[in-house]
Structure formats: C-alpha cells, structure tokens
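Observations on chain architecture
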Amino acid sequence: MDAALFYTFAAITLAGALATVTRRNPVHCALGLIFSLLGVAGLFLLQAAELLFAVQILLYVGGVMVLFLFVIMLIHLEQAARLRQYSRQWPVALAALFAVFLEIYVLAQSGLPGLPPSPQPRLNAGGNTERIADSLFYVYALPFEAASLLLLIAIVGAVWLARKKEQPQ
Amino acid sequence: MPEGYLPILFLLAIAIAFPVIALIVARLLRPSIPNPAKLEAYECGIEAEGSSRGRFTVRFYIVAILFVIFDVETIFLFPWAVRYKQLGWFGVAEVTLFLSILIAGYIWARKKGALDWV
Amino acid sequence: MTFETLLPYLMAAIFAMAFPLVTGYLVLVERKILADFQARLGPMRVGPHGLLQPIADALKLILKEDTVPKDADKFLFYLAPLLSVVTAFGSFAVIPISATLRIADLNIGLLLISALAAVGVFGIILGGWSSNSNYSLLGALRGAAQLISYEVALGLSLVTVVMLSGTLSMQGIVEAQFNQRIWFLFGNYGLMLLSFFIFLIAAVAEVNRAPFDLPEAESEIVAGYHTEYSGFRWALYMLAEYTNIFIICAVAATVFFGGWLRPFANIEWLAYPMDAIFPAALLFLSAWGCARMKLFPFTALLGISGLVFLIPAVATALSAPFWFFLKVSAVFYVLIWFRASWPRLRYDQLMDLGWKRLIPLALGALLANAIIGML
C-alpha cells in the first residue's frame, strides 16, 4: 500500500516538475509546480512527517505559489509567451542531462558507501508536532530567533522593491 | 503513511468523482447551441475592451509577499502553542522576542505606507 | 473489516453524496431567513413554502447550457471549479460530529483545514484568470488578496486556541474543553472572547460573505471570478462556497463552543435535561411552528422525533450530533444576520481592516493570552 502511494506521489511530483519546465504558458507552469509541491507533501506524509506535510501545503502551495501567480499576472503574458528564449541552449541542456544520468548510473552501480541505513519513521510516536516543537524551542532556540530577523529582512526588501517600482516613469 | 489519511484520500476521490460524473451527465442532458455573441466575454453588452490578461497594480504583490512572511511566522507559532504549557515562561519569552522583531518590521512597513491600499 | 474501520469510509461517502443536497437547503434557509429580515416571504412557489425550490434549482442547473468563452483557457477553466470543490470537501474529513462520528482524527487536524483552504484559493485565481474576462480577473485578484490578508488573522486567533488545548487534533480540542470544564470561548478569564471575535471576522472574510463579499460585488464587477461560468460549473463554485461556510461554522463550533459537548458537560445531573428534554422541547417547538404553517407531515415527523429523544438510550446516543449541529446552525444564522445587517465594505477599507486593525489586534490578543495563560 505504502509503496503504491509512494510511486503515485513520486509520479505526481515528477509530472508536475516536467510540466513546469516544458509548458510555455507561465500559468500552466505554475500549476505544474503546484502539483509537484503537493506530490512532495504526500511524500512527507509517507514518512510520517505530518507537520511538515501541512506546512509544505500551507507555505509553499498556499503562500509562495499565490505570490508566483500574482507576479505572473503583473507581467505581460502574451509577450513573454512569444519569446523562445531557451532554444539556443539545447545542446548544453542535453549534455548536462547526459552527465546527470551518467552520474546517477555510476552511483547506482557502485552504491553509496558510508551512508547509514535509512531510519524507520516512528509512526505517531509521541506526536510529530510535539517533537518538532521541543527541538525548535530548546535545542534550536537561537536559529529560531534568527529566523525572525530573516523575516524582518524580507519585509524590508519587499517594501523597498515595490516602492522603487512605483516611481512614475 | 500515518493512520487516518486513507479515508481522507477516499473522500477526496469521491469529491473529484462526483462533479466529473455530474458534468458528464449534464453534458448528455443540456442543450448546446453556441453562437459567436454567446461566447464573447461578458462586458455589459459592449465589445470587450483590450486583453484581460493585462497588468495589475503592484499592491497585490506587496500583499502576497507580506502574507508569505506572516504565514511563516504563524506556522512557527503552532508548534510552540502545542507545547505552550510544557515550555512555560521560557517559551513565552522566546515567542515574545520573535514576535517583537517582526512587529518592529510591521510598524516600519506601516510607517512607510506599504499597507495603505490607495 | 469491522464496522469501526469501515465507518470513516461510510461517512465520507454519505457526506460527499448528501452535501450537494444539503447545500441546496442551506441556500433555501438563507433565502428564507434573509426574507424574514426584510419582511418578505422568500421562495413560496415550488412546493409548500418553497420547500422543493432546491430540487428545482438543481434540475435547472443541470439542464442549463454550459458556455465557455471563446478565448478562455479551456483546461484551467474546467479544472478551477473542481479544485474549489475538492478542497472544500476535504476539510470535512477532520470535523468531529461526535466522539466516534468522524472521518479522521489527525494530529494536525486544524492545520489540515488551513492547508486545504490555502489550496482552495487557486480555484478562485485560476477560474478568474482562465475566463479571459476583465471582471473575472479583477474578481479573482481581489478574492485571492482578500483570502490571504485575512488568513493571517485567522491563523493567529487559532494559535490561541491551540495554546489552551495543547493539540492540533480537532477531537483533542473538544476533549480538552471537556477536561478543562470550559468552552474555549470563555477561556483565559474571558480573554479568549477577543480571539473569537477576530476569528469570526476573519472567517466571514475567508468565505467571502457579506460584508466582505467583494470578490463577487455585483454592483461593481458583475459576479467576480465566476462571471463567465454558467450551468453546472457555476453550481460547483456555489457548492464549494457553501461547503466552506459550513466548514467554517463547524470549526467555530468545535474550537470555541465545545463541539459535540452539551452545555455544562461536566455537571452530571444536567445530563438528562440537556441530552433529552432540551432537544425534545426544541423539536416540539419546531413541530408547533410547522403546524402553524400547515406543514402537517413535518409536524408529525418532528413531533415523533421529539418523543424519541425522550428515551434515555436514544438521547445519550444522539445528543452529541444534536448539539454539534445546533451550534453549527447558530453560527450559520449569525453569518446570515451579518449579511442582512451590514453594507459591503469598500476595497481599501477591507484591506485596511485586515492589515491595519485585525493583524495588530490578533498579535496583541496572542501575546496577552500567552501571558494570562501562564499565570
């Protein structure tokens, strides 16, 4: 059952990613990315990372992708769709693709030395959210506070960017 | 997969199946007599003006990016709220510091007029 | 396969099959109550007191021609209403109707509802964008911006609930209210009332109800994001909207009003009055009302149901769903009351209220609750 679900979610992730890079219409690309992110959320769920599953959907799909769509709607779509900007990079892309596949093949042949056996997820043991809270607020208290600084910088950046754009031409 | 998610997948599957089946049934029953005027985009009877995939005010962009920032902040608060009793005053202090940095940013953005719509 | 393992699937199937019809009747109830506010009768033609109106509406919607604008992005145009319906239906999975009647009791129940609502935004954006109509796109952008603006305040007010309950599971939140002998509405020495009002305002904005129904403000932008939708596809949007309203009412009832718990759930001697006598009295009152409207079959039905409720065994079994649905209906009534009482906001007022009033207030309420809760 879990294996079937894993392959389903993996297929959704890959198909979404493929649609993101192959579609010409930016809104279709965004939709592809949404499905890809949802597939990843499903993979998190299979690993019993329930909080991460919800956060993935809430933040990436519900937050970042809405932002992407808004940005897409800020630009001239017809014009952007007509451009064929990546056509000249075909040979390079093919070479890169070949290199990556070769790498994967070699790795698959030789196996990965030194990696510990993949840990079994503890299903609902003690609560996923609770354990994340404990590590976030005891062990990683300082990075947590630093995250708020990061968000502060993001606020400043966003406001500043948008103000620059608003200057009359 | 943790327990309890299979019924949800089942519910989502029915939720997809129901509209699709209903749409197919409706397709067999309903009339379909399109004409050029009917297929125009609605614009109070006059001919549509310009493309509606045009450009929109940058305000929407600011709202979206501020939303992402505050959404991240809210998400951080949920694990804390779950362990609120156990973390005690230490947790409250942590979150107060976390929020005060963000509130400073919020006040700055507000002073800059980023939150004014017009 | 025991009955316990099959029950969630059974409930999911019943919900998905029955809710379209329920939606029709929610619309009828809303029209009737609005009519009452405005000293009218509302729908009266189809069936006695318009009781068959939803059936007639559903038939009409299925038989209506389905036009797709010629410049529309067909694929997205077809997909968007489906997305809205699926995400709205999914949220129902974690709503507990009683201690055992629920589709799933997840550790992250409350977050799942938020997550699905967040995905539901795309039904609006993509539907409006794919129509290739100016009104649709404007309605979609407005709708999306409104949803995300009020989602922050909604999330912050729910954090205060989780602080009290110590769990994100909807089931767990109700049990916490039982164990702490208080509805969270009155928690933290009454400070949670502030959170509840923030939640209520944000929730009304989240489901695009008056006075926050700007995405479909018919006086300015025709019908907003679903201007170009007709026939059954339009009906899907309506279905999603009313499902969302039901969900938000159910969430309010669950996290603030004790869910399926009867009032004073910890006081033993009130068990029979609250589980049996109160529901029976309410049913008898409705039966009397139906008799006055000359709906005698309903009088008989409601009267018999009232009598059945007086049997102690039945009362214990049915009181939980009864109280849950009574609380949901009460919140739903308040939403209709809002719609009847308040004019629509202007768009800049809406954004000001969301970003400049509600979010600071929600942050303040959160910190105040955090400190009071520790004392």
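Bear in mind the structure is a predicted one, so any value in this text is a computation, not a measurement. (Residues numbered from 1 in each chain as written. Chains lettered and ligands numbered in written order. Predicted model: local features only at pLDDT ≥ 70, side-chain atom pairs only at ≥ 80, totals over all residues.)

Description of the overall build of chain B
Counted only if it meets this: Strands here mean DSSP runs of E at least two residues long; helices mean DSSP runs of H or I at least four residues long; both are numbered from the N terminus. Remark: C-beta atoms are placed from the backbone, and a residue is labelled buried if 20 or more other C-beta atoms sit within 10 Å of its own, exposed if 12 or fewer do, or partly exposed between those counts.
Across its full length, chain B holds three helices and zero strands. N-terminal to C-terminal, the α/β element order of chain B is α-α-α. Per-residue burial for chain B yields a buried fraction of 37% across its 118 residues.

A short note on the overall build of chain A
When you go through chain A residue by residue, the secondary structure sums to seven helices and zero strands. When the elements of chain A are put in sequence order from the N terminus, they spell out α-α-α-α-α-α-α. Within chain A, the fraction of its 169 residues that count as buried is 24%.

Thoughts on the packing of helix 3 (residues 50-74) of chain A against helix 4 (residues 109-130) of chain C
Operational definition: Comment: axis = line fitted to C-alpha atoms, over the contacting stretch for helices; angle = value between 0 and 180 degrees taken between N-to-C directions. Orientation labels follow simple angle bins: below 35 degrees gives roughly parallel, above 145 gives roughly antiparallel, 65 to 115 gives roughly perpendicular, and whatever is left gives oblique. The crossing is said to be left-handed when, going from far helix to near helix, the turn is anticlockwise and less than a right angle, and right-handed when the turn is clockwise. Working definition of a contact: two residues with C-beta atoms, positioned from the backbone, lying within 7 Å.
Axis separation between helix 3 of chain A and helix 4 of chain C bottoms out at 8 Å; the angle between their running directions is 20°. In terms of orientation, helix 3 of chain A lies roughly parallel with respect to helix 4 of chain C. In the packing of helix 3 of chain A onto helix 4 of chain C, the handedness of the crossing is left-handed. Residue-level contacts link Ala54, Ile57, Leu58, Val61, Gly62, Val66, Leu69 and Met73 of chain A of helix 3 of chain A to Leu111, Leu112, Ser114, Ala115, Ala118, Val119, Val121, Ile125 and Trp129 of chain C of helix 4 of chain C.

Things to note about the interface of chain A and chain C
Frequently, the measure chosen for interface size is the accessible area removed from exposure when the parts meet. Here is the rule we go by: Polar here means any residue other than Ala, Val, Leu, Ile, Met, Phe, Trp, Tyr, Cys and Pro, which are nonpolar, and Asp, Glu, Lys and Arg, which are charged; Gly is therefore polar.
The partner chain C presents 17 residues to the 16 residues of chain A that form the contact. Looking at the side of chain A that touches chain C, the elements that each hand over two or more residues are helix 2 (26-46), helix 3 and helix 6 (128-139) of chain A. Counting residues per element, the side of chain A that touches chain C draws most heavily on helix 3 of chain A, at ten residues. Broken down by class, the residue content of the side of chain A that touches chain C amounts to ten nonpolar, five polar and one charged.

Let's talk about the interface of chain B and chain C
The interface is formed by 54 residues belonging to chain B together with 62 residues belonging to chain C. Listing elements by their share of the side of chain B that touches chain C, those giving two or more residues are helix 1 (5-29), helix 2 (59-82) and helix 3 (84-111) of chain B. Considering every element that reaches the side of chain B that touches chain C, the biggest residue donor is helix 1 of chain B, with 15 residues. Of the residues belonging to the side of chain B that touches chain C, the class tally is 40 nonpolar, six polar and eight charged.

Quick word on helix 5 (residues 90-110) of chain A
An α-helix turns once every 3.6 residues. As a result, residues three or four positions apart point the same way. Let me state the cut-off plainly: The span expected for a helix works out to 1.5 Å for each residue beyond the first.
With 21 residues, helix 5 of chain A extends 30 Å from end C-alpha to end C-alpha; this agrees with the ideal 30 Å at 1.5 Å per step. Burial analysis of helix 5 of chain A places just zero of its 21 residues in the buried class, a small minority of the element.

A word on the packing of helix 2 of chain A against helix 3 of chain A
Residue and element names in this part refer to chain A. Remark: helix 2 packs on helix 3, axes separated minimally by 8 Å, with the N-to-C direction vectors making an angle of 175°. Put simply, helix 2 runs roughly antiparallel to helix 3. Across the interface between the two elements, Pro26, Val27, Ala30, Leu33, Ile34, Leu37, Leu38, Val40, Ala41, Phe44 and Leu45 from helix 2 touch Glu50, Leu52, Phe53, Gln56, Ile57, Tyr60, Val61, Met65, Phe68, Leu69 and Ile72 from helix 3. Of the residues assigned to the contact of helix 2 with helix 3, the class counts are 20 nonpolar, one polar and one charged.

What about the environment of tyrosine 225 of chain C?
Residue and element names in this part refer to chain C. Along the chain, tyrosine 225 turns up in the loop between helix 8 (218-221) and helix 9 (231-256). Overall, tyrosine 225 belongs to the buried group, with 33 C-beta atoms counted inside 10 Å. C-alpha separation for the pair tyrosine 225 and aspartate 57, spaced 168 residues apart in sequence, amounts to 21 Å. The residues contacting tyrosine 225, other than those within four sequence positions of it, are Ile124, Gly127, Gly128, Ser136, Gly139, Ala140, Gly143 and Pro215.

Section: helix 3 of chain B
Residues and elements named next belong to chain B. Heads up, the condition is: To get the bend at a given residue, fit one axis to the seven residues ending there, fit another to the seven starting there, and take the angle between those axes.
Between the first and last C-alpha of helix 3 there are merely 33 Å, a value that for 28 residues lags more than 12% behind the 40 Å anticipated at 1.5 Å per step. Maximum bend of helix 3: about 70°, positioned at phenylalanine 90. When helix 3 is considered as a whole, its buried residues turn out to be Tyr84, Leu87, Gly91, Val95, Phe98, Leu99, Leu102, Gly105, Tyr106 and Ala109. Two residues or fewer past helix 3, glycine 113 is found with a positive phi of approximately 85°.

Things to note about unusual backbone geometry
Residue and element names in this part refer to chain C. At asparagine 208, a position not held by glycine, the phi torsion is positive, near 55°. Mapped onto the secondary structure, asparagine 208 falls in the loop between helix 7 (192-206) and helix 8. The exposure class of asparagine 208 is buried, given the 21 C-beta atoms found within 10 Å. A positive phi is found at lysine 294, a non-glycine position, where the angle reads about 65°. The residue lysine 294 is located in the loop between helix 10 (271-292) and helix 11 (296-309) in this model.

Some words on the environment of asparagine 188 of chain C
Residues and elements named next belong to chain C. If you trace the backbone, asparagine 188 turns up in the loop between helix 6 (170-179) and helix 7. With 22 C-beta atoms packed within 10 Å, asparagine 188 lands in the buried category. Between the C-alpha atom of asparagine 188 and that of methionine 374, which follows or precedes it by 186 residues, the distance is 9.5 Å. Excluding its chain neighbours within four sequence positions, the residues that come into contact with asparagine 188 are Asn369, Ile372 and Gly373.

Looking at the confidence of the model for chain B
Residues and elements named next belong to chain B. As a reminder of what qualifies: For every residue, the pLDDT score states the predictor's confidence, bounded by 0 at the bottom and 100 at the top.
Within chain B, residue pLDDT values average 80, and 80% of them lie at 70 or more. No element of chain B has a lower mean pLDDT than helix 1, which averages 85, and none a higher one than helix 3, which averages 88. Predicted as a complex, the structure gets a pTM of 0.88 and an ipTM equal to 0.85.

Some details on the confidence of the model for chain A
Predicted coordinates in regions of low pLDDT should not be interpreted in detail. Looking at chain A, pLDDT values average 80 and 79% of them are 70 or higher. Here helix 4 (residues 77-82) of chain A stands out as the element of chain A with the lowest mean pLDDT, 62, in contrast to helix 2 of chain A, whose mean of 89 is the highest.

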